[in-house]
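Read off the chains here:
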Amino acid sequence: MEQFLQAAVIGISLGAQYALLALGFTLIFGILGVVNFAHGGFYMIGGYVAYSCVGLLGLPYPLAVLIAVAATAALGWVFELFLLERLIDDHLATLMLTLGLYLIVSNGLLRVFGPLSMEFSFPVSGSIQFGPIYVPRENLIVLGICLSAILALWLVLFRTDLGRALRALADDRQVAMAQGMRPKLLFPAAFALATGLAGLTGALVTPILALSPGVGDPVLATSFLTVILGGLGSLGGAALAAFIVGIVEAYSSVYFGGSIGALVLFTLVLLLLVFRPTGLLGREIRGA
Amino acid sequence: MKTSVTLLAAAFSLAATVAAQAQDCTAKVGAMGPMSGGAAQWGLAMAGAAELAAAEVNATGGVTINGKKCKIVVVSYDSKYTADGAAAGANALASEGIKIIIGPVGSPEATGIKPVAARNEQLTWNAAYAKNALEAKYPLVFHIAPGPGTWSDAMVKHALKHFPQIKSVALVAPNDQGGTDIASVDAVAYRNNGVKATEEYYQRGTTNFAPIITRLLATNPDAVDTASSPPGDAGVIVKQLRLAGFKGPIGRMGGPGTEEILRVSGGMDVLKDFYWFETVAVTDQMREIDNIYRKLLGKEPVGGTALWGNLPAARMTMKAIVNAGTVEDAAKVAAELRKLPVEDPNMGKGLWAGQKQYGINQELFFAFGVGIIKDGKEVGIARIEPTN
Amino acid sequence: MLLQIDALHVRYGGITALSGVSIDVPEGETVLLVGANGAGKSSTINAIIGLVSPSGGRIVFDGKDLATTPCERRARLGIGYSPEGRRVFPTLSVTDNVLSGAFGLGRAKQKEALDWLRSVFPLLVDREKQPAGQLSGGQQQIVALSRAMASFPRLLLLDEPFLGLAPVWIQQISDAILQLRARGTTVLMTEQMARPALKLATRGYVMRGGEVRRSGTVSEIRDLALADEYL
């Protein structure tokens, strides 16, 4: 029984983290039509910026996280505005650009910080015990922040002019432009929003796990899987799928071990796509 | 008068020719390993050891080949820690006529290079922990340092002395050859010493080990051993084990990386009770190597204890080359190599080993170290002498 | 003259959609472009809003040559746009669709627009939270028109607003257009079936094959349209 509950706790934590990453990834895909191969790179930059602020500049951790978000958002903005924007409708070109950016980022981090893991810990330590279940305090805090960020993102997308404009651009870019929404201003904003989320996740999660120039690789794979499971371009789908992926990953690893666990997740996604190719909440648009 | 001038002129030109010939004669030896990427330290340490050993021989005039004094030159190749990298390297070096290679480093490289080097009739060394690092059918392959098959038993005994409460252990390692070859051998050593052992393997690339830890703690082990998990992973495993309430000792019967583990896990207070394998039991004589390096090569050494660990293999190879009088006949050099006693002016005395584990006695076994941290304090690194 | 189109040429690849179209839209009037499918009505509207680049000619809005103004800035100049085929934002709610037409105008103006549009089109209240993609054709047209009107534009471009609609919708839309006209909005609309549109228009142009064939006051156009069977 305790394994069951422990797995649930782990799964929900994972789900919240994956949700932040998947939401950013699907925002970029839905609004810009770009598959962001550099998503893991922004995650790592978030981690390394926060590490640098704490370890090298001696700043308090919460401030370091905010700086990491600002830095990754700014970098995303600049990258979109000056590089992606020119080739935004050429899907192959944008794929190459984001892939190239990822290679530059991971090799750059390797060169600057070296291949070994950094000393970077969460400022709060220890676990809370609920009977036989252990919940590390850092996990609870990160879970809380992730859920708050998801809520904040929802508010921005569904309760502000900016959010409405982004969703309109995702639905029909031409008509949105004709209503006065400017892609040249809004696309960098959307990209920055997504990369800022990735940076936030990196700044929060790398001190819990480890920080080295390789930790960005699985981020892309998980984001991709989650977004496809949830339905490309669907925000609700991405969030839902993220929690499903986190929980399935936790349970299958706990009960089947590390190798079979990964297999279970991919098999489930494969089966789901066979019966429902558009993903869980993939769009079914009524052409009227 | 004219005759003496002519004689003098002839003598000078003869001397000049001889001197010129000594400078022209170079004997090429190869060095191989990952020199870029995450494992770059290890490859650079291999090349560094080869260069130092070569410089030492050249300082005494070089190696005599066919009556000529030749300078030994080391040619490096970056095999990138992959099987195809090492195989390509063997061919690339062979095309330059190089038959003696110090390197490569890791398991995938060893696997890749063995058949190709055999075809090219090249002598190679490797530092892999794989179960087939040496094979009887590849007599030109030598092993720089022993894998767990050789030292795990002695290490378990030493760990049990400090942590006698260990009656069961859970091993955690990646699920590829780099993990299974070591963890499975460790498990045997534990069992041979009366400790129950279970093995838990994870997908390489996993970043969050909480589910795996939940799983292995369900068997209630007294200790958890991270085997050959990369240090970054091991650090997270340690951190998450302690957060899950695990209070037992943690072991590492695998490769180097204690510093990184300390960094990632949060320090000695978190590690609490820890025992780990040190490839080299450091002495002052070993530290001298760095000074010798600086003096002979005029630059800072790279690779730390890894370079020291590779040095006996490099030096013994140079000695074998000198004794054989050739760099082109690998079989002849190998024969001379086998005759040499295992000893090094800085690293001390060792043994030829490997017959039991691999069926061929071509492994250099020097004293190794077992580090102990108890109650969050460093107890020290015990020196374990090589035994057969 | 609020809008002046001079000798407009539009080509799609090798096909000429408009050749030498000239149209005047005086301020405050309701101008109707009548023609069959392929006559060039939509191409004209799309050129004005900037979704299509002309290969020749000029479009002057309020004295400003639009050639240097990209599509997304033309709405800011006061041009509202309801496309052919509705093209609502399918995943956005009805309310969000309407508000997207008032992008950047501020909460106060957006509330004013929403209140007024809801008074004219009860549908916007009944279905306010529903994703627009789930509505019927007629309902979507109401949403698309509301979106175009939400900024109280100076010039309202309506591409086939009455196509396939039941009389009750046509009545609501006509009322809304009249109310906007009373506030000073100029309307340029296109239709294939002209009868309900002719009730609103003050002048018209008949188009065929990418050219303007006839122009005149609405009564002149009505007789011609009858003759050419556009009614």
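Coordinates for the structure precede this section.
Residues numbered from 1 in each chain as written. Chains lettered and ligands numbered in written order. Predicted model: local features only at pLDDT ≥ 70, side-chain atom pairs only at ≥ 80, totals over all residues. Heavy atoms only, no water.

**Student:** Before we go on, may I ask you to explain the sheet that holds strand 7 (residues 168–174) of chain B in this structure?
**Tutor:** The pairing of strands in a sheet happens through backbone hydrogen bonds and is either parallel or antiparallel. Residue and element names in this part refer to chain B. Here we have seven strands laid out as an open sheet, ordered 8-7-9-10-11-16-17, and mixed in their pairing. Because the sheet does not close on itself, it has two edges, and the strands there are strand 8 (196–202) and strand 17 (377–384). Neighbour to neighbour, the strand axes of the sheet diverge by 20° on average, direction disregarded. In this structure, strand 9 (residues 223–225) lies alongside strand 10 (residues 250–252), joined through two bridges in parallel fashion. Note on strand 10: the bridge partner recorded for D225 is G251. Docked against the sheet, helix 7 (residues 210–217) engages strand 7, strand 8 and strand 9, running at close to 160° with respect to strand 8. The sheet strands contacting helix 8 (residues 231–243) are strand 7, strand 8, strand 9 and strand 10, and the helix crosses strand 10 at an angle near 170°. (Pairing = 2+ DSSP bridges. Helix = DSSP H or I, 4+ residues; strand = E, 2+ residues; numbered from the N terminus. Axes fitted to C-alpha atoms, helices over the stretch in contact; angles between N-to-C directions. Contact = heavy atoms within 4.5 Å.)

**Student:** Is there a simple way to explain the interface of chain B and chain A in this structure?
**Tutor:** Between chain B and chain A, the residue contacts involve 27 residues of the former and 31 residues of the latter. Summed over both partners, the interface of chain B with chain A comes to about 2300 Å²; 58% of that surface belongs to carbon and sulfur atoms. Taken together, chain B and chain A are joined by ten residue pairs in polar contact (both at pLDDT 80 or more). Elements represented by at least two residues in the side of chain B that touches chain A include exactly strand 8, helix 7, helix 8 and helix 9 (258–265) of chain B. Each residue belonging to the side of chain B that touches chain A can be placed in one class, and the counts come to ten nonpolar, twelve polar and five charged. (Buried area = accessible area lost by both parts, 1.4 Å probe. Polar contact = N/O pair within 3.5 Å; in protein donor to acceptor, adjacent residues only side chain to side chain. Nonpolar A, V, L, I, M, F, W, Y, C, P; charged D, E, K, R; others polar.)

**Student:** What's the story with the interface of chain C and chain A in this structure? I'm lost.
**Tutor:** The figure often quoted for interface size is the accessible area lost as the parts come together. Each side of the interface is counted separately: chain C has 30 residues, and chain A has 24 residues. Regarding the contact of chain C and chain A, the summed buried area is about 2500 Å², with carbon and sulfur atoms giving 53% of it. When residues of chain C are sorted by the area they lose upon contact with chain A, E72, F89 and F103 of chain C head the list and together hold 26% of the total. Summed over the shared surface of chain C and chain A, the result is three salt bridges. In this assembly, chain C and chain A are joined by nine residue pairs in polar contact (both at pLDDT 80 or more). Looking at the side of chain C that touches chain A, the elements that each hand over two or more residues are helix 2 (71–74), helix 3 (94–100), helix 4 (107–120) and helix 6 (137–149) of chain C. Of the residues in the side of chain C that touches chain A, the class split is twelve nonpolar, ten polar and eight charged. (Salt bridge = Lys/Arg side-chain N within 4 Å of Asp/Glu carboxyl O.)

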